Amino acid sequence: MGNFLTGKVVAVTGAGRGIGRAVALAAAAEGARVVVNDHGVAVDGASPTSEVADAVVKEIESAGGEAVAVADDISAMAGGRRVVDTALAAYGRLDGAVCVAGILRERMLFNMTEDEWDPVLATHLKGTFTVFRAASAVMRARRSGTLIGFTSGNHQGSVSQANYSAAKGGVISLVRSAALGLHKYGVTANAVAPVARTRMSANVPVELDGIGEPEDVAALVVYLLSDRAREITGQVYTVAGPKIAVWAQPRELRAAYADGGWTPERIARFLPGSVGVDPMPMLEQVAEMERAAAKGERPNA
Ligand SMILES: NC(=O)c1ccc[n+]([C@@H]2O[C@H](COP(=O)([O-])OP(=O)(O)OC[C@H]3O[C@@H](n4cnc5c(N)ncnc54)[C@H](O)[C@@H]3O)[C@@H](O)[C@H]2O)c1
């Protein structure tokens, strides 16, 4: 057992399996008391069971740690609230909230139904909001705390997961908004874009470059939750096995100015040579994947 999180109380959503479970176990091993939230659903969000969260609490307890289970659905306001209220009722404080819960409903955009869009947005984006909303009020009052959202490299765009990609892009903007709005209260907010071997990544029809284990991701999350990372806020980190990378902040790349009002014709003459475009790296990657698939190979991503 280490002492990175001694005395802290950390709530983790989606903590029954995969990366969330590794985060919960690692946080407990570093001295945190942990709220283990998991609705216990299938990858597509169906068939909930409370056994999944209970099993991780037992694992933590048998390793000598302290934890409490919450099986609620965090896509509902009441679920997010219950995660935070449970931390306060059981341990009297909340130092970190880590929103890992996620589902997939993969479909090409032109075939996607409302039933494939809504639950994915509700789980990832609203499910981060419900917990951040309740946790940030507690942290603001205490003038300290850490919020962590889970995004994905797929926030750049995805061929067959427009719902997931849009939700993950939303998580980044939510995290940056939390970082801005809570900075003066001593509360930090960051996002993690993991690549790790879990049941969710097993569904991806490509070889994921540099895929690591959930424990690699958990180590980064423990660090971000600790006092050693108090100065870090508004960041997006990828962790993929041995690699940790920081993503750029969005900023205007190039601007040009002209006198007088714009017309479409003026813009058509002006824009290509002055402002131009920023080529989309994912387009080339998708083209490579299509070439590999045409040769019958399992493409890299
Ligand atoms: N595994 C990867 O390589 C990878 C890559 C990019 C992003 N991510 C993200 O990391 C996170 C964890 O993914 P994972 O691979 O560990 O997935 P996983 O399927 O192994 O675990 C997700 C957990 O979330 C729980 N969950 C789902 N909906 C819930 C809800 N409404 N309320 C409470 N719990 C709920 C599930 O029951 C499950 O135990 C997700 O947000 C995912 O999008 C993972």
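What comes next concerns the included structure. Values in this document were obtained by computation on a predicted structure and should not be read as measured data.

About the cut-offs
- Residues numbered from 1 in each chain as written.
- Predicted model: local features only at pLDDT ≥ 70, side-chain atom pairs only at ≥ 80, totals over all residues.
- Heavy atoms only, no water.
- Axes fitted to C-alpha atoms, helices over the stretch in contact; angles between N-to-C directions.
- Helix = DSSP H or I, 4+ residues; strand = E, 2+ residues; numbered from the N terminus.
- Parallel < 35°, antiparallel > 145°, perpendicular 65-115°, else oblique.
- Left-handed = near helix turned anticlockwise from the far one by under 90°.
- Contact = heavy atoms within 4.5 Å.
- Nonpolar A, V, L, I, M, F, W, Y, C, P; charged D, E, K, R; others polar.
- Expected span 1.5 Å × (residues − 1).
- Buried < 20%, exposed > 50% of the residue type's maximum accessible area, 1.4 Å probe, protein only.
- Polar contact = N/O pair within 3.5 Å; in protein donor to acceptor, adjacent residues only side chain to side chain.
- Pairing = 2+ DSSP bridges.
- 1 Å grid on protein atoms, 1.4 Å probe; cavity = no way out; pocket = protein on both sides within 12 Å on 5 of 7 lines; lining within 4 Å.
- Points joined across faces, edges and corners; volume = space filled by probe spheres on them.
- Domains from an automatic or database assignment.
- Near = heavy atom within 4 Å.
- Areas by Shrake-Rupley, 256 points an atom, 1.4 Å probe, with all protein chains shown as cover.
- Lys, Arg positive; Asp, Glu negative; His and termini not counted.
- Salt bridge = Lys/Arg side-chain N within 4 Å of Asp/Glu carboxyl O.
- Phe/Tyr/Trp six-rings, centres within 6.5 Å; stacked < 30°, edge-to-face > 60°.
- Lys NZ or Arg CZ within 6 Å of the ring centre and 35° of its normal.

Section: the packing of helix H1 (residues 18-29) against helix H6 (residues 214-225)
Stage number 1. As a packed pair, H1 and H6 sit with axes 8 Å apart at the nearest point and diverge in direction by 50°. Between H1 and H6, the crossing angle belongs to the class labelled oblique. When the axes of H1 and H6 are compared, the crossing they make is right-handed. Of the residues in H6, those touching H1 at Gly18, Ile19, Ala22, Val23, Ala26 and Ala27 are Pro214, Glu215, Val217, Ala218, Val221 and Val222.
Stage number 2. For the contact of H1 with H6, a count of residues per class yields 10 nonpolar, one polar and one charged.

Description of H1
Think of an α-helix as turning once every 3.6 residues; residues three or four places apart then point the same way.
Stage number 1. Its 12 residues place the ends of H1 17 Å apart at the C-alpha level, agreeing with the 16 Å of an ideal helix rising 1.5 Å per residue.
Stage number 2. Taken residue by residue, H1 has Ile19, Gly20, Ala22, Val23, Ala24, Ala26, Ala27 and Ala28 as its buried positions.
Stage number 3. Downstream of H1 by a residue or two, Gly31 has a phi angle that is positive, lying close to 105°.

Looking at the side chain of Asp95
Stage number 1. Relative to the elements of secondary structure, Asp95 occurs in the loop between helix H3 (77-91) and strand S4 (96-99).
Stage number 2. Here the side chain of Asp95 touches Arg93 through a polar contact of 2.7 Å, side chain to side chain.
Stage number 3. Setting aside anything within four residues of it in sequence, one finds Asp95 in contact with Gly7, Lys8, Val9, Met139, Arg142, Gly145 and Thr146.

Observations regarding the sheet that holds strand S6 (residues 187-195)
Stage number 1. Pairing is mixed in the open sheet, where eight strands are placed in the order S3-S2-S1-S4-S5-S6-S7-S8. Edge positions in the sheet fall to strand S3 (67-70) and strand S8 (243-246), since each of these pairs with one other strand and no more. The sheet shows a mean angle of 20° between the axes of neighbouring strands, direction not considered.
Stage number 2. Of the pairings in the sheet, the one linking strand S1 (residues 9-13) to strand S2 (residues 33-37) comprises four bridges and is parallel in character.

Some remarks on the layout of surface pockets
Stage number 1. For the second largest pocket, the calculated volume is near 440 Å³.
Stage number 2. Around the second largest pocket, the lining comprises 16 residues; the ones closest to its centre are His155, Trp247, Ala248, Pro250 and Asp278.
Stage number 3. Elements that contribute at least two residues to the lining of the second largest pocket include exactly helix H5 (162-182) and helix H8 (281-294).
Stage number 4. Domain assignment of the residues forming the lining of the second largest pocket places at least three in each of domain 1 (9-246) and domain 2 (252-301).

A word on the site of the ligand
Stage number 1. Every one of the 30 residues lining the ligand counts as a neighbour, but Ile19, Asp38, Asp73, Tyr164 and Thr198 are closest to it.
Stage number 2. His39 has a polar backbone atom sitting 3.1 Å from a nitrogen atom of the ligand.
Stage number 3. If the ligand stood free it would expose 830 Å²; the protein chains cover 96% of that surface.
Stage number 4. For the shell around the ligand, the secondary-structure elements that each account for two or more residues are H1, helix H4 (114-142), H5 and S6.
Stage number 5. Residues belonging to the shell around the ligand are distributed by class as follows: 12 nonpolar, 12 polar and six charged.

Regarding the side chain of Lys168
Stage number 1. Looking at the secondary structure, you find Lys168 in helix H5.
Stage number 2. Despite its burial, Lys168 pairs with no opposite charge; the closest candidate is Asp38, at 13 Å N-O.
Stage number 3. Lys168 has contacts with His124, Phe150, Thr151, Ser152 and His155, leaving out every residue within four places of it along the chain.

Remarks on unusual backbone geometry
Stage number 1. Despite not being glycine, Ser47 shows a phi value in the positive range, around 60°.
Stage number 2. Given the relative accessible area of 57%, Ser47 is considered exposed.

Some details on the packing of aromatic side chains
Stage number 1. The full count for this structure, using the stated rule, is one aromatic pair.
Stage number 2. Residues Trp262 and Phe270 carry aromatic rings whose centres are separated by 5.1 Å and whose planes lie at 55° to one another, so their mutual orientation is tilted.
Stage number 3. Classification of Trp262 as partly exposed rests on a relative accessible area of 43%.
Stage number 4. When the ring centre of Trp262 is taken as reference, the NZ or CZ atom of Arg266 above it lies at 5.8 Å.

In short, shape yes, function no, at least from these values alone.
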